[in-house]
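Structural description and commentary
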Number of protein chains: 4
Amino acid sequence: ATADKLGVTVRSTDQFPVPQNFLADCDACCVIGGDGTLLGIAADAARGQIPIIGVNRGYLGFLTTLSADEAPRQFQEILAGKFQISHRSLIQCRIDCDDTPLTLTALNDIVIKDERNSQLVRLEVYADDQLVTDYFSDGLIVSTPTGSTAYNLSAGGPLIHPDAAVIAMTPICPHTLSNRSIIFRDDVRLRIRNRDPQARLLVAADGRQNPILCESKPFEITLAPMRLPLVQHADYAHFSVVRKKLNWSGSHGPITE
Amino acid sequence: ATADKLGVTVRSTDQFPVPQNFLADCDACCVIGGDGTLLGIAADAARGQIPIIGVNRGYLGFLTTLSADEAPRQFQEILAGKFQISHRSLIQCRIDCDDTPLTLTALNDIVIKDERNSQLVRLEVYADDQLVTDYFSDGLIVSTPTGSTAYNLSAGGPLIHPDAAVIAMTPICPHTLSNRSIIFRDDVRLRIRNRDPQARLLVAADGRQNPILCESKPFEITLAPMRLPLVQHADYAHFSVVRKKLNWSGSHGPITE
Amino acid sequence: ATADKLGVTVRSTDQFPVPQNFLADCDACCVIGGDGTLLGIAADAARGQIPIIGVNRGYLGFLTTLSADEAPRQFQEILAGKFQISHRSLIQCRIDCDDTPLTLTALNDIVIKDERNSQLVRLEVYADDQLVTDYFSDGLIVSTPTGSTAYNLSAGGPLIHPDAAVIAMTPICPHTLSNRSIIFRDDVRLRIRNRDPQARLLVAADGRQNPILCESKPFEITLAPMRLPLVQHADYAHFSVVRKKLNWSGSHGPITE
Amino acid sequence: ATADKLGVTVRSTDQFPVPQNFLADCDACCVIGGDGTLLGIAADAARGQIPIIGVNRGYLGFLTTLSADEAPRQFQEILAGKFQISHRSLIQCRIDCDDTPLTLTALNDIVIKDERNSQLVRLEVYADDQLVTDYFSDGLIVSTPTGSTAYNLSAGGPLIHPDAAVIAMTPICPHTLSNRSIIFRDDVRLRIRNRDPQARLLVAADGRQNPILCESKPFEITLAPMRLPLVQHADYAHFSVVRKKLNWSGSHGPITE
């Protein structure tokens with residue numbers, strides 16, 4: 001309704017995932033839902049370089065541009081050009097070990113676990129052909145800066161500004177006292193090898209799960225070749241959003257801005 | 001002695017800090033001592049772009065190239081060109097609030113505390129003019145990737161690969177449950193403001209302390225314009241050093257390489 | 001063989017779990033295997049107050065008395081009375097929400113997750129009828145002091161001396177920045193309520209998993225009425241074992257005793 | 001004024017610390033101020049077993065019974081017997097190494113640091129004559145359950161219910177990746193030895209600092225022989241206070257009670 005009044009031609013769907021080529025020729029993609037919905041369309045939008053405008057109807061709405069309340073009024077401002085675009089990096093995971101090679105793309109994170117619930121995985125990680133370490137853990141999170149406020153945060157990882165050119169790796173409940181996140185340059189080539197011949201892995205890109213059969217050949221995680229154009233308020237301030245949505249603070253009391 | 005035999009002209013000193021212009025015209029600077037000694041000459045060497053060869057006689061020797069044992073034999077290899085140079089970023093802190101403006105340079109970290117022992121500081125941090133948060137803490141560590149294995153690590157911060165183009169900020173014992181390190185792009189301009197009119201701050205660059213008088217004007221931390229050329233073994237592997245020197249591991253057992 | 005020579009009457013089994021009443025009338029129970037094997041017999045041994053002597057053939061062997069190497073020689077010492085008994089607390093979980101009420105007993109921990117892999121649970125925890133908090137997490141670990149070096153440790157919990165009269169609760173990757181373990185008196189009555197009507201929970205006592213059907217009625221975790229008599233070296237020192245087996249240290253260097 | 005109307009005989013002082021024997025023959029001690037003020041009188045009140053009623057005029061007021069707003073109305077309720085008394089454990093530190101032996105008592109914590117600002121201490125800790133570990137750190141916090149929400153929390157320690165019979169030990173920024181808090185039985189006898197002959201220590205009981213001269217003889221921390229009677233609302237719920245005052249939560253969203 002708002003879009004009609006403003007003279008915007010709209011193509012809409014409530015299918016999820018959206019039909020192939022649905023975004024072709026669009027100037028922007030307005031996603032109504034939560035972060036989960038937005039994550040589902042992110043790789044497609046990035047491939048076509050279609051800017052995403054998120055309208056939050058979900059839980060946290062960390063990636064969304066507008067709250068549901070703001071949407072009608074602020075949509076107009078965005079059409080008037082009052083916005084900025086944040087070019088968010090994505091990561092991809094190439095898995096050649098099954099019969100059909102597979103490439104998964106993620107805006108937040110690639111998570112590796114055992115296919116069976118509550119089973120430990122033993123993963124060996126190499127960065128540019130150098131051994132990083134050997135994790136015996138509930139799983140491993142490889143995260144973009146955008147994903148640093150998602151699963152990475154729950155597992156104890158640092159907060160990363162979306163513009164930082166890095167990839168973060170955080171183990172989930174590793175069997176060690178010396179647990180720390182690792183921050184790599186974003187041109188790193190990570191190779192992850194399953195060291196347990198009995199285990200079948202589950203690899204999830206932004207929460208979408210794929211079981212991985214083979215155990216011998218490592219799979220690879222790198223930066224994706226394209227970035228996602230994400231529409232933001234003209235006055236978007238990242239840590240202000242972190243403070244408000246995640247109750248983050250450097251002291252007990254409230255922060256006066 | 002080793003140097004003589006190899007036909008190297010040597011200029012040496014045991015003054016610390018070294019006399020001004022001592023490094024002028026040198027091809028390399030061999031530092032015999034621990035990380036502390038090397039940190040003391042790092043800014044000078046970076047300014048003159050003189051590669052540093054560290055020989056460890058100290059505690060951890062994280063930055064040193066050679067152990068004391070290896071030095072006689074491996075020095076020769078280094079002269080024969082068997083080495084690589086790692087260009088390490090430095091940060092600098094500009095303090096204009098006293099009568100005489102001051103610029104401090106650090107290879108590891110800039111640490112801000114109260115001048116009095118065991119007093120909390122209240123610091124407001126801005127990144128590129130946006131408020132990050134307001135820390136009520138024992139102090140604040142702003143660290144390079146190189147410094148991530150120093151004080152940043154003790155305060156719970158992540159391990160950062162030396163090549164990652166970031167600056168890390170980690171509070172020391174903040175009065176909050178929501179304590180996390182923050183990872184910024186390395187072109188960030190951090191401004192830190194003392195919010196307690198009674199407090200005089202102590203700002204330390206790589207552990208060298210300077211008291212700061214004024215309380216009103218914020219001071220600024222940015223990347224330094226030059227990098228330090230650090231000589232390393234040809235087969236240097238960063239996380240291998242982390243595992244060996246810091247006893248780091250992703251599992252309880254020993255790692256088989 | 002060692003036992004025969006020493007005049008001990010032996011009843012042995014390699015069934016696991018052991019047959020019912022197998023331990024009846026025994027003076028002690030020698031468990032050959034790792035911590036997992038010992039955990040499997042712990043509740044039975046505790047009910048009959050049969051002291052356990054563990055011989056480690058496993059990974060860490062945190063609970064075992066003797067290493068496989070020491071066993072032949074030191075068995076004799078133990079029979080000669082050179083040992084102490086550590087009375088370890090256990091916890092139990094009473095689940096009345098299914099048709100058949102169930103009581104699970106654990107020496108290490110009770111862990112609650114979603115029955116589906118990689119699904120978040122929403123659990124409300126009450127301690128003696130007072131709300132503690134509402135966790136949105138990968139799961140929840142309720143641990144004895146003995147279990148503090150097991151899953152609790154991987155999830156970031158504290159090290160607890162086995163004699164401390166407490167129960168520890170540590171969430172697994174909670175969706176919050178303010179993640180901390182909680183230490184309760186050991187006479188606390190914890191009630192845990194599943195807040196997601198769609199979810200079926202998996203409750204594991206020392207890693208043995210039971211699916212829980214109902215979602216409405218909370219289940220209860222308390223101290224078990226009996227303790228496990230665990231045979232230890234006469235000079236057993238708990239933190240010495242933690243240092244050696246978990247590579248724990250308060251500084252980087254090795255500790256000289 | 002409120003007290004007069006209610007027929008209570010009042011003896012008041014604004015001296016701090018209060019004069020000796022000031023509390024003699026009192027039925028209760030009403031402390032108006034913040035947690036710091038209350039900590040200052042806690043040992044005296046505990047020795048005389050005088051219940052403390054705290055009225056909060058400070059920052060967090062974790063220990064206080066009433067907020068400043070509630071005080072006039074709720075004072076009457078307290079006099080009418082609508083309250084409960086929480087008997088809080090205290091710890092004490094005996095220092096024999098100087099010429100004059102000294103005993104410090106703390107309701108929250110005993111903190112050991114170097115007398116010089118920003119200097120690392122090397123402390124060896126024994127529990128009941130067994131080595132725990134050797135800390136190379138900014139300092140060491142030995143905390144009661146009551147103090148678990150104070151400095152212990154800032155240093156990453158767990159939340160401990162006030163009734164748990166334990167003493168917690170948490171290092172401040174130790175030079176190690178394997179940093180964890182330790183939970184001991186409250187009848188533990190901790191001995192702490194300064195391993196650096198050059199260092200003079202600062203020992204603070206609830207923030208009140210005492211320099212310690214000698215370096216050779218260890219000092220001892222144990223439970224104090226008396227407890228502090230602390231007046232609380234009849235419906236006091238500890239974790240509700242933690243949630244409200246420390247913004248603690250097991251999930252991002254607000255908790256609905």
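Each remark here, short or long, concerns the structure printed above.
Residues numbered from 1 in each chain as written. Chains lettered and ligands numbered in written order. Predicted model: local features only at pLDDT ≥ 70, side-chain atom pairs only at ≥ 80, totals over all residues. Heavy atoms only, no water.

In this section: the pairing of strand E15 (residues 208-212) of chain C. All names here are of chain C. In this structure, strand E14 (residues 201-205) lies alongside E15, joined through five bridges in antiparallel fashion. In the strand pairing of E15, valine 203 is matched with asparagine 210. Hairpin connection from E14 to E15: two residues lie between these consecutive antiparallel strands, with aspartate 206 at a positive phi of about 50°. (Pairing = 2+ DSSP bridges. Helix = DSSP H or I, 4+ residues; strand = E, 2+ residues; numbered from the N terminus.)

Turning next to helix H2 (residues 35-48) of chain D. Residue and element names in this part refer to chain D. With 14 residues, H2 should cover 20 Å at 1.5 Å per step; its first-to-last C-alpha distance of 20 Å lies within 8% of that length. Of all the bends in H2, the greatest measures close to 45° and is centred on alanine 42. Every buried residue of H2 is listed here: Asp35, Leu38, Leu39, Ile41, Ala42, Ala43, Ala45 and Ala46. Where the residues of H2 are buried, they touch strand E1 (29-33), strand E2 (52-56), strand E4 (83-95), strand E5 (102-106), strand E15 (208-212) and strand E16 (219-233). (Expected span 1.5 Å × (residues − 1). Bend = angle between axes of the 7 residues up to and from the residue. Buried < 20%, exposed > 50% of the residue type's maximum accessible area, 1.4 Å probe, protein only. Contact = heavy atoms within 4.5 Å.)

Attention now goes to the interface of chain B and chain D. At the junction of the two partners, chain B supplies 24 residues and chain D supplies 24 residues. In this assembly, chain B packs against chain D so that about 1900 Å² is buried in total across both faces, 53% of it on carbon and sulfur atoms. The three residues of chain B that bury the most area against chain D are Asn117, Ser154 and Leu177 of chain B, which together make up 32% of that side's buried surface. For the pair chain B and chain D, the interface holds two salt bridges. Across the pair lysine 113 of chain D and aspartate 138 of chain B runs a salt bridge, and its minimum N-O distance is 3.9 Å. At the boundary of chain B and chain D, one finds 10 residue pairs in polar contact (both at pLDDT 80 or more). Contributions of two or more residues to the side of chain B that touches chain D are made by strand E6 (109-114) and helix H4 (151-154) of chain B. Ranked by residues supplied to the side of chain B that touches chain D, first place goes to H4 of chain B with three residues. (Buried area = accessible area lost by both parts, 1.4 Å probe. Salt bridge = Lys/Arg side-chain N within 4 Å of Asp/Glu carboxyl O. Polar contact = N/O pair within 3.5 Å; in protein donor to acceptor, adjacent residues only side chain to side chain.)

Turning our attention to helix H3 (residues 71-79) of chain B. All names here are of chain B. What H3 keeps buried is the set Ala71, Gln74, Phe75 and Ile78. All buried residues of H3 lie within an arc of 120° about the axis, which places them on one face of the element. With its phi angle positive at about 95°, glycine 81 sits one or two positions after the end of H3. (Arc of directions from axis to C-beta.)

We now examine the environment of arginine 189 of chain C. All names here are of chain C. Secondary-structure assignment places arginine 189 in the loop between strand E12 (182-185) and strand E13 (190-194). In the structure, arginine 189 is positioned 183 residues away from leucine 6 in sequence and 46 Å away in space, judged by C-alpha atoms. Apart from residues no more than four positions distant in its own chain, arginine 189 is found in contact with Tyr126, Ala127, Asp128, Asp129, Glu220, Ile221 and Thr222. Polar contacts involving the side chain of arginine 189 include one to the side chain of aspartate 129, which spans 2.9 Å. In terms of polar contacts, arginine 189 uses its side chain to reach the side chain of glutamate 220, at 3.2 Å.

Another point: the relation of the copies chain B and chain A. In summary, the two copies of the chain are related to each other by a rotation about an axis coupled with a shift along it. For the pair chain B and chain A, the best superposition has an RMSD of 0.0 Å and corresponds to a rotation of 180° with a translation of 0.0 Å parallel to the axis. Those values place the two copies in the arrangement expected of a two-fold rotation axis. Of the interface residues in chain B, 100% have counterparts in chain A that sit at the interface too, so the contact is made through matching surfaces. (Least-squares fit on C-alpha atoms with pLDDT ≥ 70 in both.)

For the rest of this paragraph, the subject is the relation of the copies chain B and chain D. Structural alignment of chain B on chain D gives an RMSD of 0.0 Å, achieved by rotating through 180° and translating 0.0 Å along the axis. Of the interface residues in chain B, 100% have counterparts in chain D that sit at the interface too, so the contact is made through matching surfaces.

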